[in-house]
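# Coordinate inspection notes
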Amino acid sequence: MTEQTRPETSKGGFETRAIHAGYEPDPTTGAVIPPIYATSTYKQDGVGGLRGGYEYSRSANPTRTALEGALAAVEEGERGFSFASGLAAEDTLVRSTVRPGDHVVLPNDAYGGTFRLFDKVEQAWGIEHTPADLTDVDAVRAAIRRGQTKLVWLETPTNPLLNVGDIEALAAVAHDAGALLVVDNTFASPYLQQPLTLGADVVVHSTTKYVGGHSDVVGGALVVRDLDLAEQVAFHQNAIGAVAGPFDCFLTHRGLKTLGVRMDRHCDNAEAVVEFLTGHRAVTQVIYPGLPEHPGHAVASRQMRRFGGMVAFRVEGGEAQALAVCERASVFTLGESLGGVESLIEHPGRMTHASVAGTELEVPADLVRLSVGIETADDLIADLDRALSS
Ligand SMILES: Cc1ncc(COP(=O)(O)O)c(C=O)c1O
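For the structure given in this document, a descriptive report is provided here.

Cut-offs and rules
- Residues numbered from 1 in each chain as written.
- Predicted model: local features only at pLDDT ≥ 70, side-chain atom pairs only at ≥ 80, totals over all residues.
- Heavy atoms only, no water.
- Pairing = 2+ DSSP bridges.
- Helix = DSSP H or I, 4+ residues; strand = E, 2+ residues; numbered from the N terminus.
- Axes fitted to C-alpha atoms, helices over the stretch in contact; angles between N-to-C directions.
- Phe/Tyr/Trp six-rings, centres within 6.5 Å; stacked < 30°, edge-to-face > 60°.
- Buried < 20%, exposed > 50% of the residue type's maximum accessible area, 1.4 Å probe, protein only.
- Lys NZ or Arg CZ within 6 Å of the ring centre and 35° of its normal.
- Near = heavy atom within 4 Å.
- Polar contact = N/O pair within 3.5 Å; in protein donor to acceptor, adjacent residues only side chain to side chain.
- Areas by Shrake-Rupley, 256 points an atom, 1.4 Å probe, with all protein chains shown as cover.
- Nonpolar A, V, L, I, M, F, W, Y, C, P; charged D, E, K, R; others polar.
- Salt bridge = Lys/Arg side-chain N within 4 Å of Asp/Glu carboxyl O.
- Contact = heavy atoms within 4.5 Å.
- Core = buried A, V, L, I, M, F, W, Y, C linked by side-chain atoms within 4.5 Å.

### Here we look at the sheet that holds strand S6 (residues 202-206)
Spatially, S1-S7-S6-S5-S4-S2-S3 is the arrangement adopted by the 7 strands of the open sheet, whose pairing is mixed. Every other strand in the sheet has two partners, leaving strand S1 (79-83) and strand S3 (128-132) as the edge strands with one partner each. Between one strand and the next, the sheet's axes are offset by a mean angle of 20 degrees, whatever the strand orientation. Inspection of the sheet shows strand S2 (residues 103-107) paired to S3 by 5 bridges, in the parallel sense. Looking across to S3, one finds that His103 is bridged to Glu128.

### Description of the packing of aromatic side chains
Per the counting criterion, the structure on display carries 4 aromatic pairs. Between Tyr42 and Tyr54, the aromatic rings sit 5.5 Å apart at their centres with planes inclined by 35 degrees, giving tilted as the arrangement. One end of the pair, Tyr42, is in the loop between helix H1 (14-20) and helix H2 (62-74); the other, Tyr54, is in the loop between H1 and H2, and 12 residues separate them in sequence. Take Tyr42 and Tyr54: they sit in the same class, and that class is buried. Ring plane angle 70 degrees and centroid distance 6.5 Å describe the contact between Tyr288 and Phe307, whose orientation is recorded as edge-to-face. A residue pair is termed long-range when its members are at least 10 positions apart, and Tyr288 in the loop between strand S8 (283-287) and helix H11 (297-303) and Phe307 in the loop between H11 and strand S9 (310-315) qualify at 19 residues. Lying over the aromatic face of Tyr191, Arg305 brings its terminal NZ or CZ to 3.8 Å of the ring centre.

### A word on the site of the ligand
Neighbouring the ligand are the residues Ser85, Gly86, Leu87, Glu90, Tyr111, Asn159, Asp184, Thr186, Ser206, Thr208, Lys209 and Gly219. Between the ligand and Asn159, the relevant distance is 3.0 Å, taken from an oxygen atom to a side-chain nitrogen or oxygen of the residue. Between Thr208 and the ligand, the recorded distance is 2.8 Å, taken from a side-chain N or O atom to an oxygen atom. Burial of the ligand by the protein amounts to 90% of the accessible area it has alone, namely 390 Å². Among the residues forming the shell around the ligand, the class breakdown is 2 nonpolar, 7 polar and 3 charged.

### A few points about the pattern of salt bridges
On inspection of all chains with the given rule, the structure shows 18 salt bridges. Across the pair Glu319 and Arg350 runs a salt bridge whose closest N-O atoms are separated by 3.3 Å. With Glu319 in helix H12 (residues 318-328) and Arg350 in the loop between strand S11 (344-346) and strand S12 (367-371), the pair connects residues that are 31 residues apart, well separated along the chain. Overall, Glu319 belongs to the partly exposed group, its relative accessible area being 29%. Counted as one network, the salt bridges with shared partners bring together Asp264, Asp268, Glu271 and Arg306.

### Focus on the environment of Val183
Residue position: Val183 is located in strand S5 (residues 180-184). Taking the C-alpha atoms as reference, Val183 lies 33 Å from Glu327; in sequence the two are 144 residues apart. Here Val183 is in contact with Leu154, Thr156, Ile167, Pro195, Ala200, Val202, Val203 and Val204, once residues within four sequence places are set aside.

### Some details on the nonpolar core
Within the largest apolar cluster, 80 residues are counted, with the highest numbers of intra-cluster contacts made by Val152, Leu181, Leu277, Val311, Phe313, Leu370 and Leu388. It is helix H10 (residues 259-277) that provides the largest number of residues to this core, a total of 8 residues. Filtering out sequence-adjacent residues up to four positions away, Val152 remains in contact with Val105, Leu134, Val140, Ile144, Ala174, Ala179, Leu180, Leu181 and Val182.

### Describing unusual backbone geometry
Look at the link from Thr156 to Pro157: it is a cis peptide, with omega at -10 degrees. Checked against the element boundaries, Pro157 lands in the loop between strand S4 (149-155) and helix H6 (167-176). Note that the residue after Asn159, namely Pro160, is joined by a cis bond; omega there is 10 degrees. Residue position: Pro160 is located in the loop between S4 and H6. Residues other than glycine seldom take positive phi values, yet Ser215 does so here, at roughly 55 degrees. Tracing the chain through its elements places Ser215 in the loop between S6 and strand S7 (220-224). For Ser215, a relative accessible area of 44% corresponds to the partly exposed category. A positive phi angle, close to 75 degrees, is found at Ser337, a residue other than glycine. Secondary-structure assignment places Ser337 in the loop between strand S10 (333-334) and S11.

Quick look at the structure:
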């Protein structure tokens, strides 16, 4: 097994860790950036004589090792693992920690793909799940089946309704029942929130989003703080094989280095957009954890550095008007996904969350979701003004 590199700089501030952790300049060439090791196999110095533990690139690849070390450092975990997508990371985690007959508590407004994974795939293999309101600690306690519940799965803020769960309180509830607390940290990013430092056991990322940051790569990650759990995940990562390739790791790692500066601009622009939308006559509700009236504002203020780049709002005129706003916007690109430098707009009911239509996770039809990018704020506001007024 390869060692994830822990240079001195992995102990510095967030940006220092994001830029330096996981990789020391190559001892042979001095290459400052981890090269893309486009190799499937490695020459052995005699049978079993591995150089640096590298044997076969499903098991480990140096470009991936560098990214995994950096992810562990920014999340303040013990080990990071990089996957071909966020859902591949989630499935590998489930198989590492849950067995047929076990039970998982899910957010009742989880990302649609996460719900689909449990509802349509894991359930067929005997893994039961209960959706619960993760903003309500008592509701989570009531949903837990002692002895059977192995995971409490939290997303905070959630996709797309931006509900906020209390990581510290939910970690205590999960641990009391002998379960692990998993936190999908995709929306906040490790710059704004570090769940492992608040008691969570596993962090999940769709690195496709803020970590990658440029809408040019699909990927996922797990970061854990317990070394026994790390061994389980490492075994399953290799045994299942849903790993990220070296080109994808290179892009994701490049994105991670600028996460801090990008997130601050995402937050600045989101705040400007929220201010514009609040009080607009065509908008009936603005949903943003930074607003004092948001029900999760107090918890978010405690556990997040700032409130992120995702904004949701509801419009007068129902679904037809929500669809029209999405279609009229032009600086905001109509598209799925989030977390890239460019602003995106979408209709969750018809797009990202179509897979939960008709279930208790269904989202309001008049809801519009924005991933506020890092363009000039005035241009974003003018675009929304046009889209809402036409
Ligand atoms: C919060 C959240 N978690 C997980 C995922 C799944 O990640 P991926 O699309 O990289 O498989 C997504 C994708 O949108 C997401 O928004």
